[in-house]
Amino acid sequence: MQRRHFLQFGTASVAGLAAPVLRAQPLTKLKFTLDFRISGQVAPFFVALYKGYYEAEGLEPSFDVGSGSVAAITRVASGAYDMGFGDISALIEFNASQPGAPLLQAVYQYYNRAPFVIIGRKDRGITQDFKSLQGKRIAAAAVESTRRAWPMAARHAGMKAEAIEWVTTDFSQRDNVIIRGDVDGATYFHDSALSLFQRIDPAQLSVLSYAEAGLNLYGNAILASTKLMADKPQAVRGFLKATNRALLECLADPVAAMQHVKRREPMVDEKVEAERFRITAGYVANADTRSHGLGDVRPELVRQQVAEVSQTFALKQVPNADALYNLSFLPPKAERTMKA
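About the thresholds
- Residues numbered from 1 in each chain as written.
- Predicted model: local features only at pLDDT ≥ 70, side-chain atom pairs only at ≥ 80, totals over all residues.
- Heavy atoms only, no water.
- Buried < 20%, exposed > 50% of the residue type's maximum accessible area, 1.4 Å probe, protein only.
- Helix = DSSP H or I, 4+ residues; strand = E, 2+ residues; numbered from the N terminus.
- Pairing = 2+ DSSP bridges.
- Phe/Tyr/Trp six-rings, centres within 6.5 Å; stacked < 30°, edge-to-face > 60°.
- Lys NZ or Arg CZ within 6 Å of the ring centre and 35° of its normal.
- Axes fitted to C-alpha atoms, helices over the stretch in contact; angles between N-to-C directions.
- Expected span 1.5 Å × (residues − 1).
- Contact = heavy atoms within 4.5 Å.

K.L.:
Just checking my understanding: could you explain the pairing of strand 9 (residues 205-209) for this structure?
P.N.:
Among the five residues of strand 9, four are classified as buried, and the element is accordingly described as predominantly covered. Here strand 5 (residues 116-121) runs beside strand 9; their pairing, made up of five bridges, is antiparallel. Bridging from a neighbouring strand, Ile 118 pairs with Leu 208 of strand 9.

If you want it as structure tokens, here you go:
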């Protein structure tokens, strides 16, 4: 992959001889870990990569797939990776277990609301009312963000956390157990449920969003090691500038953006991934982001999330909410504001 990437940039350079880019310094390499596989959910990283936005900022990032937010956070905290993509609630738990100054911080809030949902079959009595989940069999992976956040959603919905009968299953089997009727529903990231929607008519399903229950959780954010921020602040600033530019393009034209995802993952279906990103966009750009711009957060909601996570998981210490983020590297608000 690296060799092909090198050849692609080489071809681009030959094509652009009329306007060469001269650099006094070599590109700064960055290692970035995703939380999961490559799909339309993370399209902006590959738009910025293949359209040369990172290169224009003097950067040469590499992107690796991940195995969940906890793993992504650990990778960055250990120094194995410079930056990553991980869930804020998982970061709160991690920081609570680490004494002293934070090893990493969120520098750009990607999902303004966590896309946590439970999707259930209407023919099993699951409606848009969370209370219809009472006594239902819900599939979820053993260690999975949506399942772990359920007690918080249940509290907001006026239910007991024990109201659901959990059926532990692998991520890859959730669609199958719903379709076969082994369970009544399953937990998902909303934008990860597209495979289910392709196999069952969405009209036969109820999508219960934790956000609609009143649970205001920030989801996955771009994370950076504090060492990187101290040693190479311009690299962090440049990475966010390039990614933010690409995110705005993805929001404006998801279809065009998916060619860059396919360039990295040739097996993906561009139409499917464009539809996936349209779901993602609903959690990335909402009323909050239209007020304060992409990438930013409301401090009162951060404090609320820290308190809820700390209480739900009985954390031994409540981490400092102010130390969770370092948003000083964000592009100016004017560059993070969506055009009407």
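K.L.:
Quick question: what am I supposed to make of the packing of aromatic side chains here?
P.N.:
Each aromatic ring pair is characterised by the separation of its centres together with the angle its planes make. Evaluated as defined, the whole model comprises 21 aromatic pairs. With 5.2 Å between their ring centres and 50° between their planes, Phe 32 and Phe 63 make a pair best called tilted. Of this pair, Phe 32 sits in strand 1 (residues 28-33) while Phe 63 is found in strand 2 (residues 59-64), placing the two residues 31 residues apart along the sequence. Assessed through its relative accessible area of 1%, Phe 32 is described here as buried. Judged by its relative accessible area of 2%, Phe 63 falls in the buried class. Between Phe 85 and Tyr 111, the ring centres sit 6.5 Å apart and the planes meet at 35°, which makes this aromatic pair tilted. One end of the pair, Phe 85, is in strand 3 (residues 83-87); the other, Tyr 111, is in the loop between strand 4 (104-109) and strand 5, with 26 residues separating them in the sequence. The buried category is assigned to Tyr 111, whose relative accessible area is 2%. Stacked on the ring of Tyr 53, the Lys or Arg Arg 245 has its end atom at 3.7 Å from the ring centre.

K.L.:
Would you mind showing me how to read the sheet that holds strand 9 here?
P.N.:
As a general point, the strands of a sheet are linked pairwise by backbone hydrogen bonds and lie either parallel or antiparallel. Across the sheet, which stays open at both edges, the five strands sit in the order 7-6-8-5-9 with mixed pairing between neighbours. The open sheet has two edge strands, strand 7 (165-168) and strand 9, and neither has a second partner. Neighbouring strand axes in the sheet, compared pairwise and without regard to direction, differ in orientation by 30° on average. Sheet topology note: the strand 6 (residues 137-140)/strand 7 ladder contains four bridges and is parallel. Across the sheet, Ala 139 pairs through a bridge with Val 167, a residue of strand 7.

K.L.:
Explain helix 11 (residues 233-252) to me, please; I cannot follow it from the model alone.
P.N.:
Working note: α-helix, 3.6 residues per turn, so residues spaced by three or four point in the same direction. Spanning 20 residues, helix 11 covers 29 Å between terminal C-alpha atoms, matching the ideal 28 Å at 1.5 Å per step. Ala 235, Val 236, Gly 238, Phe 239, Leu 240, Ala 242, Thr 243, Asn 244, Ala 246, Leu 247, Cys 250 and Leu 251 are the residues of helix 11 that are buried.

K.L.:
Would you explain the environment of Phe 277 in this entry?
P.N.:
Along the chain, Phe 277 falls in helix 13 (residues 270-284). The spacing of Phe 277 and Pro 331 is 54 residues in sequence and 23 Å in space, taken between C-alpha atoms. Once residues lying within four places of it in the same chain are set aside, the contact partners of Phe 277 are Gly 40, Pro 44, Tyr 110, Leu 247, Cys 250, Leu 251, Pro 254 and Met 258.

K.L.:
In this structure, what is going on with the sheet that holds strand 2? I would like to understand it.
P.N.:
Pairing is mixed in the open sheet, where five strands are placed in the order 2-1-3-10-4. With partners counted over all chains shown, the strands left at the sheet margins are strand 2 and strand 4, one partner each. Neighbour to neighbour, the strand axes of the sheet diverge by 30° on average, direction disregarded. By the bridge criterion, six bridges tie strand 1 to strand 2 in an arrangement that is parallel. Bridging from a neighbouring strand, Lys 31 pairs with Ser 62 of strand 2.

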